[in-house]
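Coordinate inspection notes
The lines below spell out each chain.
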Amino acid sequence: MSGILAAGSTGLSGLTLALIASLALGVASGLLGTFVVLRRESLFGDMLSHAVFPGVVAGFFLSGWLAREGWVENAKNPLVILFCALVAGVLGAVVVTVLGRTTRLKQDARLGIVLSVFFAGGIALFGFGQPAGVQGFLYGQTAAIDATDLRLMLGAAAIVGVAVLLFRRPLLVVSFDEGYAHNLGYPVTWLTLMFSVLLTMSVVVAMQAVGVVLVSAMLITPAATAHLMTDRFPRMMALSVLFTILASVGGTLLSGSVSDFAAGPVIALCATALFVAAYVFAPRYGLAARFWHDRGQRQRIQRENVLKDIYRVLEREGFPAEGATVGTFEAERRLDREGAERELKMLEDAGALIRRNGGERLVLSEEGWRQAARVVRNHRLWELYLTNEAAYQADHVHDDAEIVEHLLGEEAIQRLEAELGFPKTDPHGSPIPQPSAPPIHTTS
Amino acid sequence: MDLLAATDIIIPTKLLVWFGLACFFTALGCSQVGTFLVMRKMSLVGDAISHSVLPGIVLAFLVVGTLDSPWLLIGAGLSGVLATLLIELIHYRSRIKQDAAIGISFTSLFAIGVLLIGIYAKSVDLDPDCVIFGQVEYLQGYPRVEWWGVEFPRPLVSFAVVGVSATVVVAVLYRILLVSSFDPSLAASYGYFPAVVQLVLMGLTSFVVVSAFQAVGAILVIALLILPGATAYLCANRLPMILLLAGVHALLSSVGGVWLALSLGINTGAAVVLAGGGLFTLAWLFGPVDGVVLRVWLRRPGRDCS
Amino acid sequence: MDVKDMTEGELPRAAAETDCCEPQQGRTAAGRSSHRVALETHDLTVTYRKRPVLYGIDVAIPEGNLIGIVGPNGAGKSTLIKAVMGVVRSTGGWVKVFGKPVKESLKRIGYVPQRESIDWEFPVTVMDVALMGTYGKLGPFRWVGEEQRRRAREALERVGMLPYAKRQIGNLSGGQQQRVFLARALAQDSDLYLMDEPFAGVDAATESAIVELLKDLRSQGKTVIVVHHDLQSAREYFDMLLLLNMRLVAFGPTAEVFTTELLQKTYGGRLTILSEMAEKAAREGTGKLHPKNEP
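Conventions adopted
- Residues numbered from 1 in each chain as written.
- Chains lettered and ligands numbered in written order.
- Predicted model: local features only at pLDDT ≥ 70, side-chain atom pairs only at ≥ 80, totals over all residues.
- Helix = DSSP H or I, 4+ residues; strand = E, 2+ residues; numbered from the N terminus.
- Rg over C-alpha atoms; globule rule 2.2 N^0.38 Å.
- Buried ≥ 20, exposed ≤ 12 C-beta atoms within 10 Å, placed from the backbone.
- Contact = placed C-beta atoms within 7 Å.
- Nonpolar A, V, L, I, M, F, W, Y, C, P; charged D, E, K, R; others polar.
- Arc of directions from axis to C-beta.
- pLDDT = per-residue confidence, 0-100.
- Expected span 1.5 Å × (residues − 1).

Along its length, chain B carries 15 helices and two strands. Against the 2.2 N^0.38 benchmark of 19 Å for 306 residues, chain B shows a C-alpha radius of gyration of 20 Å, consistent with a compact globule. The dimensions of chain B, computed from C-alpha atoms along their principal axes, are 55 × 50 × 30 Å. Counting only residues that meet the buried cut, chain B has 59% of its 306 residues in that class. Considering only residue pairs separated by 6 or more positions, chain B has 67% of its internal contacts joining residues 24 or more positions apart.

Structural data, given as structure tokens:
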């Protein structure tokens, strides 16, 4: 396999060819990969990539024969090859369906059988003449793509791109909910057939870039990466295309500097690297994002718990105007002085706490009072609900309420109150505070 | 005197026996383990494992320098376990579904394996084509051992060990595998914990895949795993018979395939798989349980279209 | 009657006071008294993928009774059984069977799963399935002997499926399939039976046959707990009812528990806020809605 700068007959440098090929790859397999991932048909894509191989080999033989007979110019005619590949791919899909209708074998076994038997056929066929260029489909060859290959890739990619753009809504509906598609009057069988044909085409394109086995890396990995980054389908398609192109370009450039070996594996690993990056850093679904979210939430919960305990202390002492002592607070939270100070500072920084008398006395600010009253109210309403409606054991109620009180929104609270008939006290007899009322201070 | 060489007729009998035995032992082990993969609808996982063990095998090969070493098994096993862990990691903790997780996992591992081969191929005697095409033919190059006056290449012994021991293990664990494949809840109630059984099955798969790799190449391993079981499933109604028929399939496809390969000059691995596919087609047409021809002939009701 | 009132020691009194169940003393197997508890759970909580499905289930089920678990769809009825069996992992609470942790009592439990979860095209015959019932006591490696075959045959006979012994299980009707799995449970010869919707999709004749069988088991002193989908028949078939909707709404003798108020609570959606909050807790990542309690 020659190095990265094999020149094509068009006069473009090998690098440019490789880049254009990446573009084609991105469009074709990036777009369809989105559907494959959402339809959970990764194995189906894998089957197609193996099933088209005998078609590719046959296409080479046919094309070579046609060239010798003078019917076509090029011994490696892209149209002939694509056509034979399509026939093989569709044949594979048909066999899978027929096996499904006539035997008890499950889908996974059917796909595996067609995948391997067809591929074996391809290898056997290959042995009879070893037409040059087939290797490119086995291992991928972005580095050594010539003009003919490029024509094939661009052509297939163009067809796929246009078709997906035109039919994206019907394809989406059919992929997501076939029943509804029938309902809307879509020709489901034709659409599914079209999808299979388009998928076969993208598989052919991807094969040329990364080889038979790694087609799945191009079809699935970038689309899965996109899936982690967004909830919206058009964006997912666009991102999938982008990531495929990035992986392909990156892989080609990298592999040129590492070794002469085909770029396929490097491209696949670039795609995986992008996936790993998204897995960790994706805005909402990535590990880092979820960690920060959880941490933020834990902090909020801790803050609210502290407020709640201060409220309880104040309540026990009859809401004295001069506030609670730090000592009682320490006892309530079961902390030492250092721990207590940390928590109090947290509240002070949040503007919920005012410290008087040289720091010895704790008084809630307006804001602090509102927040504390809200949390306590949630907690007590919830306890009431659990005891009355859900037949909770007395010793369980407190733990659950501890967690849920932080999650109840205004709407849920109003519903709870209504369900319970606007109660004034909780199961233990403590009053249920109204956050809208001003802070209570009794004069001492 | 070499008995086999003396009996060469149309094709070299020696090669037929060697390659045939190599493929048979490999296929035997795969057929027994693979039947349970089919029963559990885990063909995809089997395919993934067969690709995922490549980096482990390559690394082990780079260290020990020969394919005839137990280290390859260990490398494969570790690689297979890594693949399973990756799949769980991706799929369980994010919104990526299992099929995509499997795809991401095995393609990455396979890519690493191919890359390793590509980088080190020149410094070590490892042909990247072996990965795709298998290399039963290379058996000829290995040192020989002698048994009962007949010569065998040494790797044949390890093939035999793997194939036979896999079969024995499946036989011993038959009840556990049967119940946990058929009814995981009942199995759990008997103490056959599904997670453990799954892990054992994955381990067994990695174990038999190593030989299969060398016989038919990475891509066709899945054929050795599921064709025998699938074919037998079309012919029998009870699991013990299916396992037996799968073994028969392994024998026939190995012998038939090797014979085809030697007479027509095609790749051995491909020939074995094609022979297996031929048997499958026969079973599809004439199988006593599901055979199409039989059904039409007797006008038996077919299964529901689904 | 509420769970809070049903602590150990109080149950037998409650059971004996009502008409619906025949007095258990003297009718059970030799030596066994009905004051014993077959199944007990405390604070049992199950989450699936961080979503709570069951929580805080406290119940003590006395031996020798025929008990029905009823509740709306998605209430966690199957999950309760699976959690008891250990098929599904619980995130909180504990379960005891005959006073011991479940793992030690596994051999005394017979589990009949939902029919949907079975692959009917699996290559096993009716006899094979019945024989599977004997595997528990046999262990994974000992040969199947005449004793096991006899038990399997007897079980099949009892459900009327012996003529079909050699048939592959896919070639059976719904009622026949259910009977095969009952035969398997019978072959297990357990003391506690847990059955998940045994009457679903079954014809009337099979249904009465199954009910007779269950009553038979009960009169042998066995405990049978059944997840059931139909309220009206639940009233007729079972001695005691367990009303479930993610939480335990009520448990007790059928006549006492089958009241409008309790049924409304179970089916009437008063607990929706609860499940919403539970889902929200799961989504927001606070995960467990329940701390783990050890006995």
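Once the structure has been displayed, the description carries forward.
Before going further, it helps to spend a moment on the overall build of chain C. Per the secondary structure count, chain C includes eleven helices and ten strands. Put simply, chain C has 295 residues, and 49% of those count as buried. Put simply, 72% of the contacts in chain C that link residues at least 6 apart link residues at least 24 apart.

Let us now look at the interface of chain B and chain A. Contacts between the two partners involve 51 residues from chain B, matched on the other side by 45 residues from chain A. Each residue belonging to the side of chain B that touches chain A can be placed in one class, and the counts come to 32 nonpolar, twelve polar and seven charged.

Residues and elements named next belong to chain C. All of the buried residues along helix H10 (residues 260-267) are Leu-262, Lys-265 and Thr-266. Around the axis of H10, the buried residues are gathered within 95 degrees of arc, so they sit on the same side. For H10, the exposed residues set more than 90 degrees away from the buried face come down to Thr-260 and Gln-264. Turning to H10, the residues buried within the fold contact strand E9 (240-245), strand E10 (247-253) and helix H9 (254-257).

This paragraph deals with the confidence of the model for chain C. Residues and elements named next belong to chain C. Summary statistics for chain C give a mean pLDDT of 78 and a share of 77% for residues scoring 70 or more. Per-residue pLDDT, averaged within each element of chain C, yields its smallest value for helix H1 (residues 11-17) (32) and its largest for strand E8 (residues 223-227) (95). With pTM at 0.79, the complex prediction returns an ipTM value of 0.89.

To continue, consider the environment of Thr-268 of chain B. All names here are of chain B. Turning to its location among the elements, Thr-268 is positioned in helix H14 (residues 268-286). In this structure Thr-268 comes out as buried when scored by C-beta crowding, with 27 C-beta atoms within 10 Å. A sequence separation of 52 residues divides Thr-268 from Val-216, and the C-alpha atoms of the two residues are 7.1 Å apart.

Positionally, Leu-106 of chain C belongs in the loop between helix H3 (102-105) and strand E6 (109-112). Judged by local crowding, Leu-106 of chain C falls into the partly exposed class, with 19 C-beta atoms found within 10 Å. Spatially, the C-alpha atoms of Leu-106 of chain C and Arg-142 of chain C are 18 Å apart, while their sequence positions differ by 36 residues. Ignoring sequence-local partners within four residues, the contact set of Leu-106 of chain C consists of Ser-189 and Gly-191 of chain B.

Moving on to helix H5 (residues 146-159) of chain C. Residue and element names in this part refer to chain C. The end-to-end C-alpha separation of H5 is 20 Å, in line with the 20 Å expected for 14 residues at 1.5 Å each. Burial in H5 covers these residues: Arg-151, Ala-152, Ala-155, Leu-156 and Val-159. The arc enclosing the buried residues of H5, seen along the axis, measures out at 130 degrees, which places them on a common side. Exposed residues lying more than 90 degrees from the buried face of H5 are Glu-146, Glu-147 and Arg-150. Once H5 ends, the next one or two residues include Gly-160, with phi positive near 80 degrees.

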